[in-house]
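An overview of the molecular structure
Next come the chains, spelled out residue by residue.
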Amino acid sequence: MPKCLICEKNYQPFVNFGEMPIANAFATKEEMNNEYTFSMKVGYCESCNMVQLVEQPDREQMFHDNYAFFSSTSNYMQNHFKVFAHSVSKLQNLDKKSFVVEIGCNDGIMLQNFVTDKIPCLGIEPSKNVAEVAREKGIEVITEFFDQNLAESIIAKHQKADAILSANVMCHIPYMHSIYDGIKALLADDGVFIFEDPYLGDVIEKTSFDQIYDEHVFLFSAISISHLANMHDLELINVEHQITHGGSMRYTIANKGVKKVSENVINRIKKERKLGLHNSEAYSSFANDVDQIRDDLIKLLITLKNEGKKVVAYGATSKSTTVTNYFGITPSLIECIYDTTPIKQNKYSPGMHIPVLPYEQFHESNPDYVLLFAWNHAVEIMNKEKDFMSNDKHWITYIPKVEIN
Ligand code: SAH
Ligand code: TYD
């Protein structure tokens, strides 16, 4: 039986996706000769309520000099992080004497706002290619993995942080205790640690199983984060639900007893208990619900193929690697995936080897059906494509269930 990464108790997996490749390993045909895979299972620890991947690939397999995810590809997310940064400045009264640290700053989508406002900041970003883009924006970046040791070296060189921020990164890191020890050390007495990640409650309610892939070691809830913070003499003082990434939660953590705990925390924990996130039964039908989506989507794709329809996909997301590999979607069902990210273009999708083509070719391909892998950006994308998709062309979505729009 696997051991919980947080409390070391044994737990049982509740869904098994089988062998999976690295979700962001878009590559050329030659590079795919020896594709790395790992066994992807997810379990729930009854003792500390943490939902987690049973096995994780080594971090260097995922985050390196050629990392394929550039945060700034979505205009919506650029605005999201601008609003996020400004809300932190207001909450902590930040000025030119303050210090902000972001863990996993990627291409600088969040920190660029502090640079504009002349608030001193530092990014931690181990993937060197995306870190370089952040540096070009005038952001100081350390290209290493954050952990307790790195926190100590930041304190030695800089000062304690008034705000430590992180988005879509915490859930990627298995060694949570070293992270929280580092946060505890680096945080000023009245500092705040604010992070957001895809939310367990949304994943369970919507069966958004494609949030599960190699990088997502944990699916957090207010219940599990409150417990984890407590273990490190920290306290969960606020939670704010976000619509990003198909439903995320922003958690604010402070030194214990220093700041007022918002009603939001109490209310959210009540909601989670109502949803049963603290009970293994909540997870018992998840695998069957995923298989229902798989059966419906495969049936639809086979019918469209038999009717001679042209079906392509939109958005070479990490999430799509779980969908294509678990469902067995090969280029015979989906011709190709169109994407705006240069590093993914003219490569093949991990595992199923579906060609990824530049977005510029999407309109001339003249498809009948477009499977929306980037469903979390549905509003932005459907709006952008509304004229093109108006005549006899249809979107296919599959979260929470298979639908043709
Ligand atoms: N914050 C951005 C990027 C999320 S992608 C956004 O929300 O869009 C996750 C990022 O975390 C990657 O750029 C990856 O290189 C980085 N990362 C992974 N492990 C890390 C660690 N231990 N410390 C700092 N960054 C890490
Ligand atoms: P995203 O859903 O943010 O990430 P994840 O990898 O976490 O599942 O990825 C969005 C992908 O979709 C990214 O490769 C860029 C692409 N994309 C487009 O091609 N066009 C668009 O208009 C948008 C918003 C994204």
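Structure: above.
The text that follows walks through the structure, step by step, so that each part is easy to find. (Residues numbered from 1 in each chain as written. Chains lettered and ligands numbered in written order. Predicted model: local features only at pLDDT ≥ 70, side-chain atom pairs only at ≥ 80, totals over all residues. Heavy atoms only, no water.)

**Some words on the nonpolar core**
Core analysis: the biggest nonpolar cluster contains 103 residues, and Phe17, Phe146, Met176, Tyr180, Phe220, Phe327 and Ile329 have the highest contact counts within it. With 8 residues, the top contributor of residues to this core is helix H10 (residues 286–306). Apart from the residues lying within four places of it in its own chain, the contact partners of phenylalanine 146 are Ile103, Ile124, Ala151, Ile154, Tyr175, Ile179, Gly182, Ile183 and Leu186. Counting 23 residues, the second largest nonpolar core, distinct from the first, contains Ile119, Ala131, Val141 and Ala163. (Core = buried A, V, L, I, M, F, W, Y, C linked by side-chain atoms within 4.5 Å. Buried < 20%, exposed > 50% of the residue type's maximum accessible area, 1.4 Å probe, protein only. Helix = DSSP H or I, 4+ residues; strand = E, 2+ residues; numbered from the N terminus. Contact = heavy atoms within 4.5 Å.)

**Observations regarding the sheet that holds strand S2 (residues 37–44)**
The strand order across the open sheet formed by 4 strands is S1-S2-S3-S9, and the pairing between neighbours is antiparallel. Two strands lie at the open edges of the sheet, namely strand S1 (12–21) and strand S9 (218–219), each paired on one side alone. Note that S2 and strand S3 (residues 51–53) share 3 bridges and pair antiparallel. Counted as the bridge partner of valine 42 is leucine 53 from S3. (Pairing = 2+ DSSP bridges.)

**Structural notes on the site of ligand 2**
Around ligand 2 there are 20 residues in total, and Ser318, Lys319, Asp339, Lys344 and Lys384 lie nearest to it. Within the side chain of aspartate 339, one N or O atom sits 2.7 Å away from an oxygen atom of ligand 2. Within the side chain of lysine 344, a nitrogen or oxygen atom sits 2.7 Å from an oxygen atom of ligand 2. Burial of ligand 2 by the surrounding chains reaches 96%, relative to a free accessible area of 570 Å². (Near = heavy atom within 4 Å. Polar contact = N/O pair within 3.5 Å; in protein donor to acceptor, adjacent residues only side chain to side chain. Areas by Shrake-Rupley, 256 points an atom, 1.4 Å probe, with all protein chains shown as cover.)

**Side note on the pattern of salt bridges**
Opposite charge on two side chains makes pairing possible when the charged atoms of those side chains draw close. One pass over the structure, following the stated rule, counts 9 salt bridges. Between aspartate 291 and arginine 294 there is a salt bridge, and its shortest N-O distance comes to 3.7 Å. Taken as a pair, aspartate 291 and arginine 294 lie in helix H10 at a separation of 3 residues, close to a single helical turn. Looking at arginine 294, the relative accessible area reads 24%, which means it is partly exposed. (Salt bridge = Lys/Arg side-chain N within 4 Å of Asp/Glu carboxyl O.)

**Description of the packing of aromatic side chains**
Scanning the model with the defined rule gives 21 aromatic pairs in all. Considering the side-chain rings of phenylalanine 218 and phenylalanine 220, the 5.5 Å spacing of their centres and the 20° angle between planes classify their relative orientation as stacked. Residue phenylalanine 220 is classed as buried on the basis of its relative accessible area, which comes to 0%. Here tyrosine 314 and tyrosine 359 contribute two aromatic rings whose centre-to-centre distance is 5.9 Å and whose plane-to-plane angle is 65°, an arrangement assigned as edge-to-face. In this pair, tyrosine 314 sits in strand S12 (residues 311–314) while tyrosine 359 sits in the loop between strand S15 (355–358) and helix H12 (362–365), placing the two residues 45 residues apart along the sequence. Overall, tyrosine 314 belongs to the buried group, its relative accessible area being 5%. These aromatic residues form a ring-pair network of at least three members: Tyr180, Phe193, Phe195, Phe218, Phe220 and Tyr251. Just above the ring of phenylalanine 84 sits the side chain of arginine 250; from NZ or CZ to the centre is 3.7 Å. A cation over an aromatic ring shows up here: lysine 384 above the ring of tyrosine 359, its NZ or CZ 4.9 Å from the ring centre. (Phe/Tyr/Trp six-rings, centres within 6.5 Å; stacked < 30°, edge-to-face > 60°. Lys NZ or Arg CZ within 6 Å of the ring centre and 35° of its normal.)

**Considering helix H2 (residues 75–92)**
For H2, which comprises 18 residues, the first-to-last C-alpha distance of 26 Å matches the rise-based estimate of 26 Å (1.5 Å per residue) to within 8%. Within the sequence span of H2, burial applies to Met77, His80, Phe81, Phe84, Ala85, Val88, Ser89 and Gln92. The inward-facing, buried residues of H2 abut helix H3 (111–116), strand S7 (161–167), strand S8 (187–198), strand S10 (234–242) and strand S11 (248–255). Of the residues that open H2, the one with a side-chain oxygen 3.2 Å from the backbone nitrogen of tyrosine 76 is serine 74. In the segment just after H2, asparagine 93 is the residue with positive phi, at about 50°. (Expected span 1.5 Å × (residues − 1).)

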